[in-house]
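As a plain string of letters, each chain reads:
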Amino acid sequence: MHEHLHHIGWQAMSAARPRTFLGFDFGMKRIGIAAGQDLTATTTALEAVRVTDAMPDWAGITRLVNSWKPDALVVGVPFNLDGTEHDMTHAARDFSVGLQQRYGVPVHMIDERLSSLAAEQILAASGKKRPKSHTQASKQQIDSVAAQVILETWFAEQRITH
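The paragraphs below set out a description of the structure included in this document.

**Observations concerning the pairing of strand S2 (residues 20–25)**
Part 1 of the reasoning: By the criterion of burial, S2 is predominantly enclosed, with 6 of the 6 residues buried.
Part 2 of the reasoning: Residues of S2 alternate between two faces, with Thr-20, Leu-22 and Phe-24 on one and Phe-21, Gly-23 and Asp-25 on the opposite face, all of them buried.
Part 3 of the reasoning: Where S2 lies against strand S3 (residues 30–37), 6 bridges are found, and the strand directions are antiparallel. Note that in S3 the partner of Phe-24 across the bridge is Ile-33.
Part 4 of the reasoning: Linking two consecutive strands that pair antiparallel, namely S2 and S3, is a turn of 4 residues.
Part 5 of the reasoning: With 5 bridges connecting them, S2 and strand S7 (residues 72–77) associate as parallel partners. Paired with Phe-21 across the bridge in S7 is Ala-72.

**Some points on the pattern of salt bridges**
Part 1 of the reasoning: This model, assessed by the stated rule, comprises 5 salt bridges.
Part 2 of the reasoning: Put simply, Arg-17 and Asp-71 hold a salt bridge, and the shortest N to O gap is 2.6 Å. Here Arg-17 is found in the loop between strand S1 (7–8) and S2, whereas its partner Asp-71 is found in the loop between helix H1 (58–68) and S7, with 54 residues between them in sequence.
Part 3 of the reasoning: Here Arg-17 falls in the partly exposed class, since its relative accessible area comes to 46%.
Part 4 of the reasoning: Overall, the relative accessible area of 16% leaves Asp-71 in the buried class.

**Things to note about helix H2 (residues 87–103)**
Part 1 of the reasoning: Helix length check: H2 (17 residues) gives 25 Å between terminal C-alpha atoms against 24 Å at 1.5 Å per residue, within 8%.
Part 2 of the reasoning: Listing the buried residues of H2 in full gives Thr-89, Ala-91, Ala-92, Phe-95, Ser-96, Gly-98, Leu-99 and Tyr-103.

**Things to note about the packing of aromatic side chains**
Part 1 of the reasoning: Taken as a whole, this structure holds 7 aromatic pairs when the rule is applied.
Part 2 of the reasoning: Ring plane angle 50° and centroid distance 6.4 Å describe the contact between Trp-58 and Tyr-103, whose orientation is recorded as tilted. Pair noted here: Trp-58 is in helix H1 and Tyr-103 is in helix H2, with a separation of 45 residues, a long-range link.
Part 3 of the reasoning: Looking at Trp-58, the relative accessible area reads 13%, which means it is buried.
Part 4 of the reasoning: On the basis of relative accessibility, which here comes to 17%, the residue Tyr-103 falls in the buried class.
Part 5 of the reasoning: Clustering of aromatic rings is evident, with ring pairs tying together Phe-24, Phe-26, Trp-58, Phe-95 and Tyr-103.

Calculation notes
Residue positions within a chain follow its written sequence, with the count starting from 1. Local features in this predicted model are restricted to residues whose pLDDT is 70 or higher, and side-chain atom pairs enter the listing and the counts only when it is 80 or higher, whereas totals over whole chains, interfaces and linings include all residues. To obtain the side-chain values, all non-hydrogen atoms of the structure were included, while hydrogens and water were left out. The buried label goes to any residue with under 20% of its type's maximum accessible area, the exposed label to any with over 50%, and the partly exposed label to all in between, with areas taken from a 1.4 Å probe on protein chains only. Runs of E in the DSSP output that reach at least two residues are strands. Runs of H or I that reach at least four are helices, and both are numbered from the N terminus. DSSP bridges decide pairing: two strands pair if at least two such bridges lie between them. The salt bridge criterion pairs a side-chain nitrogen of Lys or Arg with a carboxyl oxygen of Asp or Glu, the two atoms within 4 Å. Expected helix span is computed as 1.5 Å times (number of residues minus one). Stacked, tilted and edge-to-face are the three classes assigned to paired rings of Phe, Tyr and Trp, where Trp is represented by its six-membered ring and a pair needs centres within 6.5 Å; plane angles under 30 degrees give stacked, over 60 edge-to-face, the rest tilted.

If you want it as C-alpha cells, here you go:
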C-alpha cells in the first residue's frame with residue numbers, strides 16, 4: 001500500500017494561521033478541483049477543468065491558483081486496487097511536477113483509489129444523484145467532489161501523523 005506518497009517541494013509551514021490548499025482529481029478528460037483550509041479541514045468543490053490532447057487547461061488552473069492563493073497543492077494519484085501502478089499513475093505524477101514547476105508551491109501526492117466512487121456516494125446521499133445519461137455537468141460534479149474527497153483524506157492523514 002502507498003500510504004506515504006512523497007511530496008514535491010515540501011517546505012516547513014507555520015501552523016499559526018489556516019493554510020489554503022487546492023486538491024486535484026487528475027483525469028485524462030477533466031481535472032476536478034477543490035479548495036480547502038487545514039484549520040477546520042473544510043473543503044469546497046470548485047469547477048473541473050478540461051484536458052485536451054493530454055494538456056490540462058493551465059489557464060483555468062492558473063485562474064484558480066491566483067484566486068485562492070494556495071499554500072500547497074494536493075494531487076490524487078491513482079493506483080490499481082492491488083496497489084500496482086498504471087499509466088494514469090505516471091500521468092498524475094507528471095501533472096504534479098507540472099504544478100510545482102508552474103506555481104512554485106509544495107505539491108503533495110496522495111493515493112486516491114476509490115475517490116470517484118466515494119464522490120458518487122456522497123452525491124447520492126445528498127440527493128444529487130448522477131443522471132443515468134452521465135452528462136458533462138454530472139461528470140464534472142463527480143470530478144470536483146472527488147477532489148474534495150482527496151483533500152479531506154489528506155487533511156485527515158495529516159492530523160493522524162502530526
